[in-house]
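Structural overview for review
Chain residues, written in single-letter form:
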Amino acid sequence: MADRILAIIAAAIDEINKTREEQIPTSNVLDLCLYGDAGVFESMHLVAFLSLIEEGLEDEFGAEVSLASEKAVSRRVSPFSSVSRLIGFIEEELQLASVQS
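What comes next concerns the included structure. Owing to the predicted nature of the structure, the values given are computational and were not obtained by experimental measurement. (Residues numbered from 1 in each chain as written. Predicted model: local features only at pLDDT ≥ 70, side-chain atom pairs only at ≥ 80, totals over all residues. Heavy atoms only, no water.)

Attention shifts here to the environment of Tyr-35. Here Tyr-35 lies in the loop between helix H1 (2-17) and helix H2 (43-61). Residue Tyr-35 is classed as partly exposed on the basis of its relative accessible area of 39%. Ignoring any residue separated from it by four or fewer positions in sequence, one finds Tyr-35 in contact with Phe-41, Glu-42, Ser-43, Leu-46 and Phe-80. (Helix = DSSP H or I, 4+ residues; strand = E, 2+ residues; numbered from the N terminus. Buried < 20%, exposed > 50% of the residue type's maximum accessible area, 1.4 Å probe, protein only. Contact = heavy atoms within 4.5 Å.)

Structure (structure tokens):
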């Protein structure tokens with residue numbers, strides 16, 4: 001499942017890179033910091049990025065997942081601190097969605 005999620009995230013980064021002057025590095029996507037002091041996104045750009053991922057998740061898994069939720073933002077360790085943490089958060093949310101349906 002993690003590989004499929006990573007592919008969705010990489011596709012979203014590629015899509016965003018088409019419109020950015022300063023390209024997001026894609027050589028080591030798992031360690032990429034998304035938001036915060038070392039992050040590649042400001043808040044509005046992060047929301048657009050997460051929206052692309054949510055669309056990809058719905059297409060790939062048939063599940064609606066909200067990544068910009070209070071649950072995500074209130075975590076002690078942010079799921080946006082790295083792509084690998086975001087993948088872990090998405091896996092949790094997909095498991096919850098499958099249990100609820």
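This brings us to H1. Compared with the 22 Å implied by 1.5 Å per residue over 16 residues, the 22 Å span of H1 between its first and last C-alpha is a close match. Within the span of H1, buried status applies to Ile-5, Ile-8, Ile-9, Ala-12, Ile-13, Ile-16 and Asn-17. At its buried positions, H1 is contacted by H2 and helix H4 (83-100). (Expected span 1.5 Å × (residues − 1).)

As for its placement among the helices and strands, Ser-82 is situated in the loop between helix H3 (70-73) and H4. Given a relative accessible area of 11%, Ser-82 falls into the buried group. In terms of polar contacts, Ser-82 uses its side chain to reach the side chain of Ser-84, at 3.0 Å. Here the side chain of Ser-82 touches Arg-85 through a polar contact of 3.2 Å, landing on its backbone nitrogen. Here Ser-82 is in contact with Leu-30, Asp-31, Leu-32, Cys-33 and Leu-34, once residues within four sequence places are set aside. (Polar contact = N/O pair within 3.5 Å; in protein donor to acceptor, adjacent residues only side chain to side chain.)

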